Amino acid sequence: QNYPNPFNPSTAIPYSLGEPGRVRLAVFDVGGRLVRELVSGSQPAGPHVAVWDGRDAAGRPLGSGTYFYRLEGPALEATRSMVLVK
């Protein structure tokens, strides 16, 4: 789970890979629309942390609300909610 949650202005999303491989970590709004892709590509095994600053792919700040992140990797799949407060 990300921390802190709720957050302002940013939150950290920790994850660990048991083996190297392709990872995708993306943020979506409550309507299921892609807001921003934080990680996309191969990563080594071990612990990792991605930070989201509450902005979309164009760098625009987003409003308060619930967002979801989807993490996909080798033997890893998770969807979690996070709350941005302004």
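Above this text sits the structure in question.
I will try to describe carefully the structure that is included in this document.

Reading the values: rules and limits
Residues numbered from 1 in each chain as written. Predicted model: local features only at pLDDT ≥ 70, side-chain atom pairs only at ≥ 80, totals over all residues. Heavy atoms only, no water. Patch = residues over 30% accessible without salt bridge, like charges linked within 9 Å, V, L, I, M, F, W, Y side chains within 5 Å. Areas by Shrake-Rupley, 256 points an atom, 1.4 Å probe, with all protein chains shown as cover. Salt bridge = Lys/Arg side-chain N within 4 Å of Asp/Glu carboxyl O. Helix = DSSP H or I, 4+ residues; strand = E, 2+ residues; numbered from the N terminus. Polar contact = N/O pair within 3.5 Å; in protein donor to acceptor, adjacent residues only side chain to side chain. Buried < 20%, exposed > 50% of the residue type's maximum accessible area, 1.4 Å probe, protein only.

A grouping of Tyr-3, Val-49 and Val-51 is seen on the molecular surface, where their side chains present a nonpolar patch of about 300 Å² in accessible area. Summarising the element assignment, Val-49 is placed in strand S4 (residues 46–52).

For the rest of this paragraph, the subject is the side chain of His-48. Relative to the assigned elements, His-48 resides in strand S4. A polar contact of 2.8 Å, which involves the side chain of His-48, links it to the backbone oxygen of Pro-44. Polar side-chain contacts of His-48 include one of 3.4 Å to the backbone oxygen of Gly-46.

Let's shift gears to the pattern of salt bridges. Where side chains of opposite charge bring their charged atoms close, a pairing between them can arise. Counting across every chain of the model gives six salt bridges. For the salt bridge of Asp-29 with Arg-33, the shortest nitrogen-to-oxygen distance reads 3.0 Å. Overall, the relative accessible area of 16% leaves Asp-29 in the buried class. Using a relative accessible area of 55% as the deciding quantity, one classes Arg-33 as exposed. With a closest N to O distance of 3.3 Å, Glu-72 and Arg-70 form a salt bridge. What makes Glu-72 partly exposed here is its relative accessible area of 32%. Residues joined in a network through salt bridges with shared partners are Arg-70, Glu-72 and Glu-77.

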